[in-house]
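What follows is the residue order along each chain.
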Amino acid sequence: MDLVLLPIVLLAAFLNGYGIWNDQYANSYYTTAVGSMLSNFHNFFYASLDSAGSVTVDKPPVVFWIQTAFAYVFGLHGWSVILPQVLAGICSVLLIYFMVKPTYGLAAARISALVMATVPVVAAVSRTNNIDSMLVFTLLLGSWFLFKGSKQGSTWRILVAFGLIGVAFNMKMLQAYMILPAFYLFYLIAFQAKWRRKIILLIGSTAVLAVVSLSWAVTVDSIPEDERPYIGSSETNSVMELAFGYNGLARLTGQQNTAGNAGMPNGIGQGDNRGNRGDLSSVPNQTGSGVPGAGQDVNAPDNDNMNGSNGNFPNRQMPNDMEMPNGRNFGGNGGGGMGGMFGTGEKGPLRLFQTELSGQASWLLPVVLLGCIALFAGLRRRNITSKHKEALFWLAWLLPVAAFFSVAGFFHQYYLIMLAPPIAALTGAGFVAMWKSYRDRDGWQAWLLPVSVLLTTLFGWYIMQVYNETIGAGWSISELIAGILVTVILIVMLHRTHQWKQGFIIAGFMVMLIGPIYWAFTPITYGGNSMIPAAGPTGSNGMFGGAGMGMPMGNVAGDTEMPTMGGRGGMGNRNEEVDTVTLNYLKEHNTGETYLFATTDYNQAAPYIIDERAAVITLGGFSGSDPVYTTDELEQLVKSGQVKYFMVGGMGGRGGNSDISDWIKEHGTEIPTSEWKTGTDSGSMDNGDTESEAGLGFGFGFGFGFGGQTTLYEVKL
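Here is a short report on the structure shown in this document.

On to the overall build of the chain, then. Helix and strand content of the chain: 27 helices and 5 strands. Contacts spanning at least 24 positions in sequence make up 73% of the contacts within the chain whose residues lie at least 6 apart.

Looking now at the side chain of T68. Within the secondary structure, T68 is located in helix α4 (residues 62–74). In this structure the side chain of T68 is engaged in a polar contact, spanning 2.6 Å, whose partner is the backbone oxygen of F64. Discounting chain neighbours no more than four positions away, the residues touching T68 are V34, M37, L38 and F44.

Another point: the nonpolar core. Membership of the largest hydrophobic core comes to 167 residues, with the highest contact counts inside it found for W394, W397, M418, F431 and I664. If you tally residues by element for this core, the top one is helix α5 (residues 78–104), at 13 residues. For F431, the contacting residues outside a window of four places in its chain are I111, V367, L426, L449, I505, F509 and M512. Formed by 16 residues, the second largest nonpolar core is a distinct cluster that contains V578, Y608, Y645 and I671.

With that settled, the discussion passes to the sheet that holds strand β1 (residues 597–599). Strand order in this open sheet of 5 strands is β2-β1-β3-β5-β4, and the pairing throughout is mixed. The outermost strands of the open sheet, each flanked by one partner alone, are β2 (616–618) and β4 (668–670). Adjacent strand axes in the sheet meet at a mean angle of 30 degrees when their direction is disregarded. Sitting on the sheet, helix α22 (residues 580–588) touches β1, β3 (645–649) and β5 (710–715), and the angle it makes with β3 is about 145 degrees.

Let's shift gears to the packing of helix α9 (residues 155–172) against helix α10 (residues 180–190). Axes are the key here: two packed helices are described by the angle between their axes and the distance separating the axes. Viewed as axis vectors pointing N to C, α9 and α10 meet at an angle of 170 degrees, and their least axial separation amounts to 11 Å. Relative to α10, α9 is oriented roughly antiparallel. Of the residues in α10, those touching α9 at I158, A161, F162 and I165 are L180, F183, Y184 and Y187. Looking at the contact of α9 with α10 residue by residue, the class counts come to 8 nonpolar, no polar and no charged.

On to the pairing of β3. Taken across its 5 residues, β3 has 5 buried, putting it largely inside the fold. Bridge count between β3 and β5: 5 bridges; the pairing is antiparallel. Note on β5: the bridge partner recorded for M647 is L712.

One full turn of an α-helix is made of 3.6 residues, so residues set three or four places apart face in the same direction. Over its 15 residues, helix α12 (residues 239–253) extends 20 Å from the first C-alpha to the last, a length consistent with the 21 Å expected when each residue adds 1.5 Å. Taken together, the buried positions of α12 are occupied by V239, E241, L242, A243, Y246, N247, G248, A250 and R251. Contacts made by the buried residues of α12 are with α9, α11 (195–222) and α15 (386–407). With a side-chain oxygen lying 3.2 Å from the backbone nitrogen of M240, the N-terminal cap of α12 falls on S238.

Moving on to the pairing of β5. Of all the 6 residues making up β5, 6 are buried; the element is thus mostly covered by neighbouring parts of the structure. Burial of the side chains of β5 extends over both faces: T710, L712 and E714 are buried on one face and T711, Y713 and V715 on the other. In the sheet, β4 pairs with β5 via 3 bridges, with the strands oriented antiparallel. Looking at β5, one finds that G668 is bridged to V715.

This brings us to unusual backbone geometry. The phi angle at A47 is positive, at roughly 60 degrees, despite the residue not being glycine. Along the chain, the position of A47 falls in the loop between α3 (41–46) and α4. Given a relative accessible area of 0%, A47 falls into the buried group. For R441, which is not a glycine, the phi torsion comes out positive at approximately 50 degrees. By the element assignment, R441 lies in the loop between α16 (420–439) and α17 (448–464).

Now for α11. For α11, spanning 28 residues, the distance from its first C-alpha to its last is 38 Å, which sits close to the expected 40 Å at 1.5 Å a residue. Most pronounced at L214, the bend in α11 amounts to some 45 degrees. Buried residues of α11: K198, L201, L202, S205, L209, S213, W216, A217 and V220, and no others. Contacts from the buried residues of α11 go to α3, α4, α9, α10 and α12.

About the cut-offs
- Residues numbered from 1 in each chain as written.
- Predicted model: local features only at pLDDT ≥ 70, side-chain atom pairs only at ≥ 80, totals over all residues.
- Heavy atoms only, no water.
- Helix = DSSP H or I, 4+ residues; strand = E, 2+ residues; numbered from the N terminus.
- Contact = heavy atoms within 4.5 Å.
- Polar contact = N/O pair within 3.5 Å; in protein donor to acceptor, adjacent residues only side chain to side chain.
- Core = buried A, V, L, I, M, F, W, Y, C linked by side-chain atoms within 4.5 Å.
- Buried < 20%, exposed > 50% of the residue type's maximum accessible area, 1.4 Å probe, protein only.
- Pairing = 2+ DSSP bridges.
- Axes fitted to C-alpha atoms, helices over the stretch in contact; angles between N-to-C directions.
- Parallel < 35°, antiparallel > 145°, perpendicular 65-115°, else oblique.
- Nonpolar A, V, L, I, M, F, W, Y, C, P; charged D, E, K, R; others polar.
- Expected span 1.5 Å × (residues − 1).
- Bend = angle between axes of the 7 residues up to and from the residue.

Read these as layout, nothing more, since geometry by itself doesn't imply function.
Shown next as structure tokens:
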């Protein structure tokens, strides 16, 4: 057993897991789904967002199946749904270690494991219930099988490797395919077999990949729409369309579906009628489609329903002179105003080095670059070794992913966790290669090590100095001075022999890790954002993704601090808490209805489903815009005695589909707020006015408004 590995694993466990017990709801969108999935197999299979099995979350179910299993064993808590990702992050560190060690040696494996543990975005994501940590672990597990299978000529290992990519597809769809170039390249150059067998196995592996990838999607799409939930955030109620549109090409172009326009003034009414779902009295848990959507919120786990509408602001001007991006392009003008709509910088080849993104995973890219030069310096056509082949694998993972994020129209900072494994592996392999060249005084290659220390510390200073007012200038200046000092010492000692020489090399590497380690601790020291995790001193405050955005948000008082977003859950959640007065009122006045209430805003449903395990219906999915119900179907729900109470409105003025809201108000009786809500003594305002009157409900469901009015209606037919 490698005793050095143990503290690295413990460090990863601490970074990923410390304090998760304080996060009550985690990412409430996903936790709500887990609460619903615990109810019955129907909801479990489809990853239903609500108790009625009306609408799914906007991602495939595999990670939620795992989270539901943990919640079944440990109970439904924030920490219990986060725990699988904590373990996935730790196991990813171990996998990197065991993948690097056989080819590059013990030192490289240790370095790679340490880097993987301290990539800031890995620490930020792995302590939430977002999908990406589990996704990366699955991709690494598939890569491990690929390495083993290629070295041993093992058919079944290759099939398992490609099958695991299919499993990853059922976690986050096309994002899993970003490493396929690396898989195919490595298989072709490393698998030991005759070409005929190699090609046949490649075809078979691709078939396994396709079958596993599409198994759930094809199964769900083949089921009649009136016998399954609406596919959340899709345009055509299809998993395939969701995978290749909304969760596929739209990520690159930044163009989102028309349902995503809902809630924006320019987008209202763009949905279409998609059919009648039949008799709800006979199939109480199945819901349909058929009405245009409205209601939107970008402070979301995967805020993909936002189309850049100009909202209700004259000349696109927001409070404090902030300007909305034009049109439906997330990227705006080369990545969007405000440093990209979600703090992702300006499109271009240097995007990963910009302030908005560099702190998440880019710290060690100079080491990777110079390390690859050292690795391939001695490459000859007839002397391609395992080191070269595996380095090509990691490069074929890194470069396409980096290229995508350099030009993509819409993504969140935490997606950059996809860069972590190749950066970790190439840092370990490359640093050891430079170390050997330096030790052996191998001509110009000997200079790569001190140059890498200097460039990496300069880059680290560049990232940190932006936050000097927050963290103090000492951190950035200390790293810069230490890096320059170690570089000078390494240059002076290059042609000398000294017993401390190796110690200074290790010191140089540790200096380069000052920035990444500090940033990896920021989700603990500064607070994390469970909805849109990001590392950095401002990661808990960024409505659009945390650090580096430079987006002060106005509040009622006119100052520029962000509104508090944490509630009882992790930072970034906007879900309400259980109001005991509301709960008691609804229970006392329930006359046998199946569902406690229905709501246009999943944030209202979340605490009741999570904390109370109450049966609640969400009428429009995540954004409130999915055409889940028609008015005829709502009428049937009420007449069949399944529900009679409806909450309309909610945080940020989010009110769901206008036709649904109008029908509820037309057929319902408004319950005076003083009867059902804590801390009120007067009736609620009319829901139609909440966007302009309540808090900062700016009128487009954006989530900027905190304190949007909620109205409770009782509908009897």
